[in-house]
Amino acid sequence: MADLAVNLGGIRLRNPVLAASGTFGYGREYAAIVPLDRIGAIITKGTSLEPWAGNPPPRTVETAAGMLNAIGLENPGLKHLVEADLPWLAGQGATVVVNIVGKTVDEYTAIAEALDAQPAVAGLELNVSCPNIDKGGMAFGLHPETAYALVRAVRKRTRHPLLVKLSPNVTDIVRIAEQVRDAGADGLSAVNTLVGMAIDIHCRRPVLGNVTGGLSGPAIKPVALAAVWRLARVGLPILGGGGVSFWQDAVEFLLAGATAVAVGTATFVRPRAMLEIVQGMEEYLECQGIERITDLVGAANPGARIG
Amino acid sequence: MNLEQARVVENRLLAPGHRRMVLHAPAIAAAAGPGQFVHLRAHDSFHPLLRRPLSVARCDRSAGTLVLIYRVIGEGTTRLADRRPGDWIDLLGPLGRGFRLAPGLTPLLVAGGVGVAPLIFLAEECVRKGRAVEVLAGARSASLLVGEEDLRELGVKCCPATDDGSRGYRGPVTGLLEGRLDGRALYASGPPGMLRQVQQLAGEVPAQLCIEATMACGVGACRGCACRARGGAHRLVCTDGPVFDSHEVTFDG
């Protein structure tokens, strides 16, 4: 049996297939058909200090080989996570990465600090790339200086492994990633959704209540893969994601330099997609005679320097 | 909640642009209640990508089958219309919070167009429980009264209303509500404009509304199918609904 275990910047994973933030709630929604101890980890819905109400509807629209969403990070807040979700997830044997988001640096650091003593948390994913909120989110991830300052501040408040989820909506994602690395991040998560929109030609107005949204699904896979390829030279482990639908996609991301992959939109289409991907990768390794999945990481990418 | 490969038993034209599909899906049929829906994937390609939520219209637990009545309106339902007996369809369900029959009050079911689907299931449930039930069914014209066949089979009284007057009352189905509200509880399903009318006309009469929305996950994980709740908050159509008490939601804005 091939070894699927990976270490993602200090987060030890039984396999390299994770539920992407915002696509898997806090695990309860799919638990009846996706056992949480069979996937690498669940990355929770983006969680803020206080509950957030999210954006006005409509919040999603289907597009060619993809979908746009503008949920606006609706979430029940930190207290609910700590009191209700983390204990339940621990009982399921889930490995939990908490995606955290705030409108200010202080909000991010307050959440990080509050979660520092939580043994049920395996790591944090800092969301500096949500395109659907006015303040915070992507605003922190578009400029190297603000990204550095935020990661630095959070780094000082947490001992948990710290991933930073990057936006593809930038001129030079590598430059942002280098700042994030220098500020003390343990890993990169790439990529968040691409800004997009759709217009209702009958009503002659944007479909989404938020006007623009984030594009996900198979349509963005080539973009995400190229981002991971370029990021592989930064020297931090990468959680690759963006349109991962099948095990072949996951293998591509690993070959480009990702240590693990996040699966999101595919779960909406095929709720057991993550389990299918784990199984497909396992069979691929056996067929190829590869003993450890880590041997694949960056194997196609001569520029890869995985930390 | 089950993920089940359902076999198509029948998929026939019911009315212009409307079809009736019978699926063999015993696990889902055993658990489904009126107002709940299935989230289905009719094909394997990336376009259209997402599943389609459809209300369950009938359920035969002993045969392990359920009925869907749908309007062929876009790419997803066009793919669904192409499926033949013997084909397999990936079904997730039953999902959502369905109708809750109010004790004591006689159920009056108000349907607009293909919105009749979940109300047929509710009528079937009333018949099974030996409760009197009446359906008011609206459509653009007589040929589009897609629930009549099933309701007749159930022996449920159905008063039609058509926009063009080709059958029954001429005008919106809500025009039939006047004088019929005493001692009743309303259960409505149809387009938003109709539901808003029902909400206004119901006043103090208890009413439940079955709402439609486009969905990504269908299980509450993505929070994409939010609708507006009274007081400015949101509710999820997939898990808080699709059936809401009338006073919970608003169709304004």
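Before reading on, note that the structure itself is shown above.
Below: a short report on this structure. (Residues numbered from 1 in each chain as written. Chains lettered and ligands numbered in written order. Predicted model: local features only at pLDDT ≥ 70, side-chain atom pairs only at ≥ 80, totals over all residues. Heavy atoms only, no water.)

Some words on the overall build of chain A
We apply this condition: Helix and strand labels come from DSSP, where a helix needs a run of H or I of at least four residues and a strand needs a run of E of at least two; each type is numbered from the N terminus. Only the C-alpha atoms count toward the radius of gyration. The rule for a globule is 2.2 Å times the residue count to the power 0.38. Residue contacts are counted whenever heavy atoms from the two residues lie within 4.5 Å of one another. Surface accessibility follows the Shrake-Rupley procedure with a 1.4 Å probe radius. Residue values consider only the protein chains on display as shielding. Residues scored as positive are Lys and Arg, those scored as negative are Asp and Glu, and His as well as the terminal groups of each chain are ignored. Charge positions are represented by NZ for Lys, CZ for Arg, CG for Asp and CD for Glu.
Scanning chain A from terminus to terminus reveals eight helices and 16 strands. Relative to the compact-globule value of 19 Å for 307 residues, chain A shows a C-alpha radius of gyration of 18 Å, a close match. A principal-axis box enclosing the C-alpha atoms of chain A has dimensions of 55 × 45 × 40 Å. Long-range contacts, defined here as pairs at least 24 residues apart, represent 72% of the contacts in chain A between residues at least 6 apart. Split by element, the accessible area of chain A, about 11400 Å² in all, is 52% carbon and sulfur. Taken together, the 26 basic and 28 acidic charged side chains of chain A have centroids lying 4 Å from each other.

Topic: empty space enclosed by the protein
Note the threshold: Only protein atoms enter the 1 Å grid used here, on which a cavity is any set of points holding a 1.4 Å probe that cannot leave and a pocket is any open set flanked by protein within 12 Å on both sides along at least five of seven lines; residues with an atom within 4 Å of a point are listed as lining. Grid points are joined across faces, edges and corners, and a volume is the space filled by probe spheres set on the points. Any residue outside Ala, Val, Leu, Ile, Met, Phe, Trp, Tyr, Cys, Pro, Asp, Glu, Lys and Arg is labelled polar, Gly included; the first ten of those are nonpolar and the last four are charged.
Summed over the entire model, instances satisfying the criterion amount to four cavities of 30 Å³ or more. Space inside the largest cavity adds up to approximately 580 Å³. Lining the largest cavity are 43 residues, with Ser21, Thr23, Lys165, Asn192 and Thr193 of chain A positioned closest to its centre. Mapped by element, the contributors of at least two residues to the lining of the largest cavity are strand E6 (66–69), strand E8 (123–127), strand E10 (187–190), strand E15 (238–241), strand E16 (260–263) and helix H7 (265–269) of chain A. Its residues assigned to classes, the lining of the largest cavity comprises 18 nonpolar, 22 polar and three charged. Considering only enclosed or pocket space, the second largest cavity measures out at about 60 Å³ in volume. Lining the second largest cavity are Leu40, Arg41, Ala42, His43, Pro48, Leu49, Leu50, Arg51, Arg52 and Gly76 of chain B. Partitioned by chemical class, the residues of the lining of the second largest cavity number five nonpolar, two polar and three charged.

Remarks on the sheet that holds strand E11 (residues 194–197) of chain A
Residue and element names in this part refer to chain A. Worth spelling out the cut-off: One bridge is not enough; two strands pair if DSSP finds at least two bridges between them. Angles shown run from 0 to 180 degrees and are taken between the N-to-C directions of axes, each axis being a line fitted to C-alpha atoms and, for helices, limited to the stretch in contact.
Strand order in this open sheet of four strands is E5-E6-E14-E11, and the pairing throughout is antiparallel. Whereas interior strands pair on both sides, the edge strands pair on one side only; in this sheet they are strand E5 (60–63) and E11. Here the strands of the sheet are splayed against their neighbours by 40° on average, with no regard to which way each runs. Note that E11 and strand E14 (residues 212–216) share four bridges and pair antiparallel.

Digging into the side chain of Glu248 of chain B
All names here are of chain B. As a reminder, the rule being used: Burial classification: accessible surface area is computed with a 1.4 Å probe over protein chains only, and a residue below 20% of its type maximum counts as buried, one above 50% as exposed, and the rest as partly exposed.
Take Glu248: it is sitting in the segment after strand E16 (243–245). By relative accessible area, which is 16% here, Glu248 ends up buried. When neighbours within four sequence positions are excluded, Glu248 is seen to be in contact with Arg97, Ala229, Arg230 and Arg235.

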